[in-house]
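As a plain string of letters, each chain reads:
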Amino acid sequence: MEHIDLPALTRAAGTVRLPGSKSISNRMLLLAALAQGETEIRDLLDSDDTKVMLEALKKVGVGVTVTGVNAYRITGCGGPFPGKSGDLFMGNAGTAIRPLTAALALSGGHYRLSGVPRMHERPIGDLVDGLRQIGADVRYAGKDGFPPLEIFPAAVKLAAPIRVRGDVSSQFLTALLMALPLTGETAVIEMTTELISKPYIEITLNLMSRFGVTVEREGWQRFTLRGGQRYVSPGVVHVEGDASGASYFLAAGAIGGGPVRVEGVGRGSIQGDVRFAEALAVMGARIEMGENWIEASAPATGKLKAFDLDLNHIPDAAMTLAVAALFADGPCTLRNIASWRVKETDRIAAMAAELRKLGAAVEEGADWITVAPAPTYSRNAAIDTYDDHRMAMCFSLVALGGVPLRINDPKCVAKTFPDYFDRFGRIAAPVIAIDGPSASGKGTVAQRVAETLGFHFLDSGALYRLTALAALRAGVALDDETGVAAVAATLPAEFPGDRILLAGDDVTEAIRAEEIGVGASKVAALPAVRTALLERQRAYRRLPGLVADGRDMGSVVFPEAPVKVFLTASAEARAERRHKQLIGKGMPANMRPLLQDILQELRERDARDAARSVAPLKQEEDAELVDTTPLGIDEAVAAVLDIVRRKLPQVVS
Ligand SMILES: O=C(O)C1=C[C@@H](OP(=O)(O)O)[C@@H](O)[C@H](O)C1
Ligand SMILES: C=C(OP(=O)(O)O)C(=O)O
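For clarity, every value in this text was computed on a predicted model and none was experimentally measured.

Rules and cut-offs
The residue count restarts for each chain, going from 1 along the sequence in the order it is written. Lettering for chains starts from A, numbering for ligands starts from 1, and both go in the order in which the items are written. Two thresholds apply to this predicted model, a pLDDT of at least 70 for residue-level local features and 80 or more for giving and counting side-chain atom pairs, whereas whole-chain, interface and lining totals are computed over all residues. Heavy atoms throughout the structure, all of them, feed into the side-chain values; hydrogens and water do not. Two strands qualify as a pair provided that DSSP identifies no fewer than 2 bridges between them. What counts as a helix is a DSSP run of H or I of at least four residues, what counts as a strand is a run of E of at least two, and both are numbered from the N terminus. Ring pairs are drawn from Phe, Tyr and Trp, using the six-membered ring of Trp, whenever the two centres fall within 6.5 Å, and their geometry is named by plane angle: stacked under 30 degrees, edge-to-face over 60, tilted for the rest. Only protein chains enter the area calculation, which uses a 1.4 Å probe; residues under 20% of their type maximum are buried, those over 50% are exposed, and those in between are partly exposed. Here a salt bridge means any side-chain nitrogen of Lys or Arg lying within 4 Å of a carboxyl oxygen belonging to Asp or Glu. UniProt positions are given in the numbering used here, feature names are shortened, and annotations may be inferred rather than shown by experiment. In this analysis, two residues are considered to be in contact whenever any of their non-hydrogen atoms come within 4.5 Å of each other. Any pair of nitrogen or oxygen atoms within 3.5 Å is treated as a polar contact; in protein, a donor-acceptor pairing is required on top of that, and neighbouring residues in sequence qualify only through side-chain atoms on both sides. To get an axis, fit a line to the C-alpha atoms, keeping to the stretch in contact for a helix; angles then go from 0 to 180 degrees between the N-to-C directions. For classification purposes, angles smaller than 35 degrees are called roughly parallel, those larger than 145 roughly antiparallel, those between 65 and 115 roughly perpendicular, and all remaining angles oblique. By definition, any crossing whose near helix is turned counterclockwise from its far helix by less than a right angle is left-handed, and any crossing with a clockwise turn is right-handed. For this classification, the nonpolar set comprises Ala, Val, Leu, Ile, Met, Phe, Trp, Tyr, Cys and Pro, the charged set comprises Asp, Glu, Lys and Arg, and every other residue, Gly included, is treated as polar. For this description, a residue counts as near a given molecule or strand if any of its non-hydrogen atoms is within 4 Å of it. Accessibility throughout is a Shrake-Rupley quantity obtained with a 1.4 Å probe, and a residue counts as covered only by protein chains that appear here. Whether a set of points on the 1 Å grid over the protein atoms alone is a cavity depends on a 1.4 Å probe fitting there but being unable to get out, while an open set qualifies as a pocket with protein on both sides within 12 Å along at least five of seven lines; lining residues are those with an atom within 4 Å of a point. Throughout, a molecule is located in a cavity or pocket provided that more than half of its atoms lie within 2 Å of its grid points.

Bridge count between strand 4 (residues 63–68) and strand 5 (residues 71–75): five bridges; the pairing is antiparallel. Paired with Gly68 across the bridge in strand 5 is Ala71. The antiparallel pairing of strand 4 with strand 5 creates a hairpin that spans two residues between the two strands, and Asn70 there sits at a positive phi of about 55°.

Laid out in structure tokens, this is it:
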């Protein structure tokens, strides 16, 4: 089985741009498909759950055009689906199979819906019962009450209110609400039980109204759709970031110090799962929220507090709390979460089993779970994920408590968050930032430190050198800020092994030329170029960790780096090293610059680097000075490793 080994981690900080919300993506796709007109959907989630929805819509005759990255144009049918037959695979996507079953049942065709084996164990009986009350012909092709389903054409009549249960899943009510406008008639839905997961109904009603259909709601018992309403495309719509996905990063901030900021959801969100932040606040985490972002940091006391909460309104994000509970100051109880038992797996049982592997004491009931934290946890436990994306994402947080662990089948995150572990690495992988002037030996030292620790290595100077070389090759003047920034933004650079390629051409040696070094220093002084390279550099932050070598690694690119080193040497020592290097490379004496010229050049470069307006080269307050003037390479490496050992004892023993 595939797995990912997470090392002991200590700190999480940084910013994450969230992928699109699953719940909003799949609703928008269906509403756009049923609406009159074309809808442009931007920032759609690209994951297994949306893929099955898109494929199914195409099969039943909906026009789907890709218009950009995560951007689609949906040509609405202005009513029922034109494709009157189809065999549709729904994976394990509840937000696809349930609403589609209802819309297909009212489309007058013959369809089959199936999914992965677990989907065939997830209930759908309450929805089928509701649809049968109005004459729809929906039959079970396997076990009664569960997919696979077969749908036949039928005449639908809406004489009496549809009576439906709401205590197993809110998705049945969502499905009916979204599909019933297809009838054109007035429809009334009455709940026969308590409704769970209510905020998801609010998402449904909100999005329906954006497509022109309003629902009258009496409490959570009765919903009336007046006849004659139909869906009309609102034109361009944006999908918010996924608030359930946000919960892992916010919890990471609360457990791992923070601040961790998520972008894409905030105060203005229509997703109930933003209320996860309230639960974290109950645990003592410090939360800040803007219109479109949320930020979480550890409690001022450093210790998360125990909680006892009814979490019916945030069933998905609640799982994150069960793992955060490992780091609380007492037993934590999550209540009213019976729906966990019928989701991707029996989540109460799965959560209990895996938390126990770590050494937590866990009790469970039909609709609750209590997690009692332990003073220490088993290291290197192998966590099973039960093909449940949320199990994999939740348990990644354990590493932030300094507990290394293995997560089996990590790719199951593809259901809603395919690049989750990369993003997690971007806020949690430790960074060792090594800054300093040129010829201080930091490149060699940084590379050796990275090798010793088994960390990734970023030679940020190489990116500036590549930018200078690429600009010169493209005939862009090195003082043309906009032109060079455009080159930097699209730099076709690759780093296979220890080679450096520019547009496929091996430039490993070429970028080391003296004039490219001078060019690099010039382009590095341009603010737009630095901005263009910022995200590219941050993307190097990956598990198990990164050693970043440059001039503004600790100050600008990775300000949250737990280890910052300012590696320098006297100008004389650096000039001498450079001179020896040139001799070592076999440069003939008559072509070699004089030692005093090298010294002069170095001093000028130092002055330019220290004086530039953006990210001037200087020792940060929280950086440790390593003066290599009297040191050889081995000693310099040892000096840096000593600092790492002191600052990150869990990482390097
Ligand atoms: O409507 C939705 O988008 C969802 C509703 C919730 O399900 P239940 O209503 O079954 O709790 C939630 O768990 C699911 O991930 C998405
Ligand atoms: C329950 C979930 O998914 P589904 O939409 O398949 O119900 C979930 O994403 O946690």
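From this point, the narrative continues.
Summed over the entire model, instances satisfying the criterion amount to eight aromatic pairs. Seen from their ring centres, Tyr248 and Tyr420 are 5.7 Å apart, and the 80° between their planes marks the pair as edge-to-face. Taken together, the residues span a long stretch of sequence, with Tyr248 in helix 7 (residues 243–255) and Tyr420 in helix 12 (residues 420–428) at a distance of 172 residues. When its relative accessible area of 0% is taken as the criterion, Tyr420 is described as buried. Here the aromatic rings of Phe495 and Tyr540 are separated by 6.3 Å at their centres, their planes lie at 75°, and the arrangement is edge-to-face. In this pair, Phe495 sits in the loop between strand 26 (493–494) and strand 27 (501–502) while Tyr540 sits in the loop between helix 17 (527–538) and strand 29 (546–550), placing the two residues 45 residues apart along the sequence. A relative accessible area of 32% places Phe495 in the partly exposed class. Cluster of aromatic residues (ring-pair linked, three or more members): Tyr248, Phe249, Phe417, Tyr420, Phe421 and Phe424.

So, about the pattern of salt bridges. Going through the model one piece at a time under the given rule, you end up with 49 salt bridges. Of the charged contacts, one joins Asp137 and Arg139 as a salt bridge, the two residues approaching to 2.8 Å between their closest N and O atoms. With its nearest N and O atoms 3.0 Å apart, the salt bridge here joins Lys618 to Glu620. One salt-bridge network, in which partners are shared between bridges, spans Asp49, Asp316, Lys343, Glu344, Arg347, Asp388, Arg390 and Lys415.

Let us look at the UniProt feature "binding site: ATP" (unreviewed entry) in the chain. Per the UniProt record, "binding site: ATP" (unreviewed entry) is annotated on Gly436, Pro437, Ser438, Ala439, Ser440, Gly441, Lys442, Gly443 and Thr444. Looking at the element boundaries, Ser440 is found in the loop between strand 24 (431–435) and helix 13 (442–453). With residues near it in sequence (within four places) discarded, Ser440 still touches Leu567, Thr568, Ala569, Arg574, Arg577 and Thr628. Engagement of the side chain of Ser440 in a polar contact is seen with the backbone oxygen of Pro437, the distance being 2.8 Å. Here Thr444 lies in helix 13. With a relative accessible area of 42%, Thr444 lands in the partly exposed category.

Relative to each other, helix 13 and helix 21 (residues 633–647) sit at 55°, their axes nearing to 9 Å. Our classification of the angle between helix 13 and helix 21 gives oblique. As for the relative orientation of helix 13 and helix 21, their crossing is right-handed in sense. Side by side, helix 13 and helix 21 meet where Thr444, Val445, Arg448, Val449, Thr452 and Leu453 of the first sit next to Ile633, Asp634, Ala636, Val637, Val640, Leu641 and Val644 of the second. A class-by-class count of the residues in the contact of helix 13 with helix 21 yields nine nonpolar, two polar and two charged.

All right, on to the side chain of Ser339 then. Mapped onto the fold, Ser339 is located in the loop between strand 19 (332–335) and helix 10 (347–358). Engagement of the side chain of Ser339 in a polar contact is seen with the side chain of Lys343, the distance being 3.2 Å. Sequence-distant contacts of Ser339, that is, excluding residues within four places in its chain, are made with Val168, Ile196 and Pro315.

With that out of the way, let us pick up the site of ligand 1. Lining the immediate environment of ligand 1, one finds 13 residues, of which Ser169, Ser170, Ser197, Asp316 and Lys343 sit closest. A distance of 2.6 Å is found between an oxygen atom of ligand 1 and a side-chain nitrogen or oxygen belonging to Ser23. A distance of 2.6 Å is found between an oxygen atom of ligand 1 and a side-chain nitrogen or oxygen belonging to Ser197. When isolated, ligand 1 has an accessible area of 390 Å², and the protein chains bury 96% of it. A molecule is said to occupy a pocket when more than half its atoms come within 2 Å of that pocket's grid points, and by this definition ligand 1 occupies the largest cavity. Breaking the shell around ligand 1 down by element, the ones donating at least two residues are helix 1 (22–34) and helix 9 (315–324).

A word on unusual backbone geometry. The omega torsion of the bond from Pro147 to Pro148 falls at 0°, within 30 degrees of zero and hence cis. Positionally, Pro148 belongs in the loop between strand 8 (137–140) and strand 9 (149–152). Cis peptide bonds are those with omega within 30 degrees of zero, and the linkage from Leu543 to Pro544 qualifies with 5°. Mapped onto the elements, Pro544 comes out in the loop between helix 17 and strand 29. The phi dihedral of Ser197 falls on the positive side, at around 50°, and the residue is not glycine. Here Ser197 is to be found in the loop between strand 11 (187–191) and helix 6 (198–210). Look at Ser197 and you get buried, because its relative accessible area is 4%. With a phi angle near 50°, Asp409 is a residue other than glycine that sits in the positive phi range. By secondary structure assignment, the location of Asp409 is in the loop between strand 23 (405–408) and helix 12.

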